[in-house]
Amino acid sequence: MWNRVSPQLSSPNQPYSLREALAQAQSSRIGSTARALRESLHPVLRQKLELWEENLSTAVSLEVLGITEKFSVAAGTRSITTDYAKLDCVTSILMGLLSRSQPLAFWKAFLPVVYNIFNLHGATLMARENDRFLKQIAFHLLRLAVFRNDSIRKRAVVGLQILVRNSFNYFKNTTRLRVMLTITLSELMSDVQVTQMKSDGSLEESSEARRLRKSLEQMADVRSKDLLKDCGLPVTALEVTPEGSSDNRWSWVEVKHLSKCLVQALDAGLEHALLGSVTSVVTVDRYAAAEGFYKLAMAYAPVPDLHIMWLLHLCDAHQEMQSWAEAAQCAVAVAGVIMQVVIFAPALSFIPAILTYSVWSFVTSETFLQALVGRNDAVWSKEHVASLRKICPIVNTDVSAEASAAEVEGYGASKLTVDSAVKYLQLANKLFTQAELYHFCASIQELIIPVYKSRRAYGQLAKCHTSLTNIYESILEQEASPIPFIDATYYRVGFYGERFGKLNKKEYVFREPRDVRLGDIMEKLSHIYEAKMDGSHTLHIIPDSRQVNADELQPGVCYLQITAVDPVMEDEDLSSRRERIFSLSTGIVRARVFDRFLFDTPFTKNGKTQGGLEDQWKRRTVLQTEGFFPALVNRLLVTKSESLEFSPVENAIGMIETRTAALRNELEEPRSSEGDQLPRLQSLQRILQGSVAVQVNSGVLSVCTAFLSGEPATRLRSQELQQLIAALLEFMAVCKRAIRVHSRLIGEEDQEFHTQLVNGFQSLTAELSHYIPAILSEL
């Protein structure tokens, strides 16, 4: 081996060889240590020594690799004595080789050996007992995927595909391997420099991160046959065909999903690192920072520990912004993860690891339920998780298998308990109380009570029921308030401009505290995004809600279009021509979860925004977001947008119907917390005054002037004319009824005001009779 590795050392053409130099240095005791001995050599000889050491190391590694392969073949035939349960002798050698820097020659020989070893002993190596070995293999393959050498990176990709192939072979899917790779990638991110400094002092994605992303994407490249040949493997190396079957278990769809999940985790970490470089409190984009935590939480969702860690970081960020509802949703999401682990993971723990996925279908439901009840004491069930999902739709109901698979090197579900779930449910209850979303609080208390009932913790039960009493009293107070309860304000924000990066040409709906007005959010977003403009770009805010054509905007200018929007109730008729002031201010207070929003834009056919009643059209735009508010983040992407148009006469009819409905609501809706069925006097007086006082009722009279007199009346279709007259007659009839009810509610101090209402109603009736003579007989 000595002569094969370094034949030049014994060449007669070398008058002063490295061997002679080393012998002379040792005999003269130039250095008592290896370092001193090395430094005493001539630079040329020192370079020869380093080359000799590298060649010797490679040769030794290749010999060890070859011996390991021969040993594994012998172990496959059971012709030698060894530890067949874990094959420590093989795994420890492979981990030792991987932990050291190796040249390209080693990696060229490594993949075929590993492929053969996994073919022979895959069932043993993929078992849970060898998680540490698999984790080390995955870590070093991912580390190789960052190397500059393209040949080494390609072999790292093929190595990862070999792990995927064995996952298909023994588990029929990549779920457990995805957990393993997610954990490993999380650990690798602390070693990889994902950002680098640009010339202007800002940060950008590093070349290491780009190489790692490219390698992760190549995992799902269906054109892998040529790559397999280059790595010394057969073109069928990735096929997974069990004995006695012709079906190939390999699924490129699932491999693409695995690749996508890993890239998502990488991108989330990169985005978080880039946002972390912004230190200015004034210009920091807290919306993007919250989204960064959210993306990390979602990227590491297969691993409960990491998922919960990032959700709690997100919860803290929301509390700093006083976004109480969003912080509460984070706490609910954490509790949901723990509840599912408590319910499902114990039932999976009794199944051998190597059988968890391959023979799960043979495990009887009775055995499953016995294991479930044994650990959870029947405190929670799937129904409880479903009720939690109504509060926080992000709670995943399919977490059971992955939670069990995540028991890797301390990243497990075993330390997640009922008590920890209760802790975060109580935190969510506290935060929802601060947000005044009491219906959510009631639902959360109903999840905590079964725990204390099962433990007969009567003191805690008393506290829960006292809390429930306070919650329901707060709900009744909200319903009895003359001012409709609004938990938040919502704004549609459109981004147009290259400097916005990934936000360019996208629309979001922002959820803000209820005291934030349009001017407030304009100022806030201006501060955030003006700091991101450079010398060649400026920021401009579009002040109206007109439709924007991005191609017609000025280059070099970044535009923000900010529009106030209203949430849409689940059962609301979006085609109704009524004004939406009525839609959101009536009915009982409900747990408000929204994913649809709308705004109305006035326009005319001649291009102007405003015109007379006979020319005024209205466009109603309905937006669909990718999730429900309140969410884990303050803004959600708009995924769908639809528009409806209302003609001038439809607008007029809608305005009258809105006022009629508001009055009728006051007359018919019982609102008192005392159980009294009478309407609220103050609210009724306010609406009546705005309806029958002639001096403030130009709206109804102007409708008559615009559509029931002269030429406009001739342009109306018969059906439109009848609908308009019917709306006016119904409006006056409800006003008359409301005045009668008002007379029964008031005392002496309100008699003068009542007289004014009667006089106003009579004057209004006389004015309308010029346009609708039948109104006198109707009233």
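Quick caveat: nothing in here was measured; it's all calculated off a predicted structure.

### Some points on the packing of aromatic side chains
Then comes step 1: Applying the stated criterion across every chain, the model contains 18 aromatic pairs.
Then comes step 2: A ring pair is formed by W107 and F110, whose centres lie 5.5 Å apart and whose planes are at 85°; its orientation type is edge-to-face. Of this pair, W107 and F110 are both found in helix α6 (residues 104-125), three residues apart, which corresponds to roughly one turn of the helix.
Then comes step 3: Where F495 meets Y529, the ring centres are 5.5 Å apart and the plane angle is 70°; that geometry is what we call edge-to-face. Here the residue F495 occupies a position in strand β3 (residues 488-496), and Y529 occupies one in helix α22 (residues 518-530), the gap between them amounting to 34 residues. Taken individually, F495 and Y529 each receive the classification buried, so the pair is uniform in this respect.
Then comes step 4: Above the face of the F646 ring, K618 is positioned so that its terminal group lies 5.3 Å from the ring centre.
Then comes step 5: Of note, R635 hangs over the ring of Y508, and the distance from its end group to the ring centre comes to 5.1 Å.

### With respect to the pairing of strand β8 (residues 617-629)
Then comes step 1: Across nine bridges, the pairing between strand β7 (residues 594-603) and β8 is antiparallel. By the bridge assignment for β8, R596 is matched with Q624.
Then comes step 2: Judged from the eight bridges that link them, β8 and strand β9 (residues 635-646) form a sheet pairing that is antiparallel. Each bridged residue has a counterpart across the sheet, and for R619 the counterpart in β9 is E645.
Then comes step 3: Where β8 folds back onto β9 in an antiparallel hairpin, the turn is made up of five residues.

### Remarks on the packing of helix α13 (residues 286-299) against helix α14 (residues 304-320)
Then comes step 1: Orientation of α13 relative to α14, taken along the N-to-C sense of each, is 165°, at an axis distance of 7 Å. With respect to each other, α13 and α14 are oriented roughly antiparallel. Where α13 crosses over α14, the handedness of that crossing is left-handed. Counting all contacts with α13, which are made through R286, A290, F293, Y294, L296, A297 and M298, the residues of α14 involved are H307, W310, L311, H313, L314, A317, H318 and E320.

### Considering unusual backbone geometry
Then comes step 1: For the bond from F629 to P630, the omega torsion is -5°, close enough to zero to count as cis.
Then comes step 2: One non-glycine residue, K172, lies in the positive phi region at around 65°.
Then comes step 3: Among the structural elements, K172 can be located in the loop between α8 (150-171) and α9 (175-188).
Then comes step 4: Judged by its relative accessible area of 44%, K172 falls in the partly exposed class.
Then comes step 5: We note that E436 has phi near 65°; this positive angle belongs to a residue other than glycine.

### So, helix α5 (residues 88-98)
Owing to its 3.6 residues per turn, the α-helix brings residues three or four apart onto one side.
Then comes step 1: Here α5 has its buried residues at V90, T91, L94, M95, L97 and L98. The arc that holds every buried residue of α5, seen down its axis, measures 160°, which confines them to one face.
Then comes step 2: Considering only its buried residues, α5 is in contact with α4 (43-76), α6 and α7 (131-144).

### Focus on the side chain of T195
Then comes step 1: Examined against the element boundaries, T195 turns out to sit in strand β1 (residues 195-197).
Then comes step 2: With residues up to four places along the chain from it excluded, the contact list for T195 reads L203, E204, S206, L270, A273 and L274.

### A closer look at the pairing of β9
Then comes step 1: Of the strand pairs in this sheet, strand β4 (residues 506-513) and β9 are connected by three bridges, and their pairing is antiparallel. Residue pairing across strands places V509 opposite L636, the latter belonging to β9.

### Examining the side chain of T58
Then comes step 1: Tracing the backbone shows T58 in helix α4.
Then comes step 2: Once residues within four sequence positions are removed from consideration, T58 is found in contact with P103 and A105.

### A look at the nonpolar core
Then comes step 1: Core analysis: the largest hydrophobic core is formed by 134 residues, its most contacted members being W380 and F432.
Then comes step 2: In terms of residues, this core owes the most to one element, helix α15 (residues 324-349), which gives 16 residues.
Then comes step 3: Setting aside its immediate chain neighbours within four residues, F432 contacts A325, A328, Q329, V332, I391, L437, F440, C441 and I444.
Then comes step 4: L667, F707, M732 and C735 belong to the second largest nonpolar core, which has 36 residues in total.

Reading guide: rules and limits
Residues numbered from 1 in each chain as written. Predicted model: local features only at pLDDT ≥ 70, side-chain atom pairs only at ≥ 80, totals over all residues. Heavy atoms only, no water. Phe/Tyr/Trp six-rings, centres within 6.5 Å; stacked < 30°, edge-to-face > 60°. Helix = DSSP H or I, 4+ residues; strand = E, 2+ residues; numbered from the N terminus. Buried < 20%, exposed > 50% of the residue type's maximum accessible area, 1.4 Å probe, protein only. Lys NZ or Arg CZ within 6 Å of the ring centre and 35° of its normal. Pairing = 2+ DSSP bridges. Axes fitted to C-alpha atoms, helices over the stretch in contact; angles between N-to-C directions. Parallel < 35°, antiparallel > 145°, perpendicular 65-115°, else oblique. Left-handed = near helix turned anticlockwise from the far one by under 90°. Contact = heavy atoms within 4.5 Å. Arc of directions from axis to C-beta. Core = buried A, V, L, I, M, F, W, Y, C linked by side-chain atoms within 4.5 Å.

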